[in-house]
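Spelled out, the chains give:
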Amino acid sequence: MGKTKAFDCVAMKDEIQRKLREKHKGMTEEEIRDRFLRELETSNSPIARWWRRVKDRQSAGAT
């Protein structure tokens, strides 16, 4: 017999996508992109901090 899974990553992905569709309902692709960028610029989440570091390094290398 197989093990019972305590965590279902597909169900989690589906739930996240459902919430994002609801959050972005009625928005254009450009509005959604702008919102994501604005959140990345202002958020203190680990992924936003990482994104800003990568962006800053790329900008410094481009000069």
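These numbers come from a predicted model, not from an experiment. (Residues numbered from 1 in each chain as written. Predicted model: local features only at pLDDT ≥ 70, side-chain atom pairs only at ≥ 80, totals over all residues. Heavy atoms only, no water.)

S.K.: Could you give an account of a nonpolar patch on the surface, naming the residues involved and the relevant values?
M.R.: Nonpolar side chains collect at one region of the surface, where Phe7, Met12, Ile16, Leu20 and Phe36 lie side by side and expose about 450 Å² of accessible area between them. Counting residues per element, the nonpolar patch draws most heavily on helix H1 (residues 9–23), at 3 residues. Tracing the sequence through the fold places phenylalanine 36 in helix H2 (residues 29–42). Given the relative accessible area of 37%, phenylalanine 36 is considered partly exposed. (Patch = residues over 30% accessible without salt bridge, like charges linked within 9 Å, V, L, I, M, F, W, Y side chains within 5 Å. Areas by Shrake-Rupley, 256 points an atom, 1.4 Å probe, with all protein chains shown as cover. Salt bridge = Lys/Arg side-chain N within 4 Å of Asp/Glu carboxyl O. Helix = DSSP H or I, 4+ residues; strand = E, 2+ residues; numbered from the N terminus. Buried < 20%, exposed > 50% of the residue type's maximum accessible area, 1.4 Å probe, protein only.)

S.K.: I'd love a proper account of the pattern of salt bridges, names of residues and values included.
M.R.: Inspection of every chain in the model, using the stated rule, returns 8 salt bridges. Of the charged contacts in the structure, one is a salt bridge between glutamate 22 and arginine 18, with a shortest N-O distance of 3.2 Å. Of this pair, glutamate 22 and arginine 18 both sit in helix H1, 4 residues apart, roughly one helical turn. Judged by relative accessible area, glutamate 22 falls into the exposed class, the value being 57%. Aspartate 34 is paired through a salt bridge with arginine 33; the nearest N and O atoms lie 3.7 Å apart. Overlapping salt bridges bring together Glu15, Arg18, Lys19 and Glu22 as one network.

S.K.: So what's going on with the environment of cysteine 9? Which residues, and what values?
M.R.: Tracing the chain through its elements places cysteine 9 in helix H1. Overall, the relative accessible area of 46% leaves cysteine 9 in the partly exposed class. The spatial distance from the C-alpha of cysteine 9 to the C-alpha of tryptophan 50 is 23 Å, given a sequence separation of 41 residues.

S.K.: How would you summarise the environment of methionine 12 if you had to cite specific residues and measurements?
M.R.: Along the chain, methionine 12 turns up in helix H1. In this structure the C-alpha to C-alpha distance between methionine 12 and tryptophan 51, which are 39 residues apart in sequence, comes to 23 Å.

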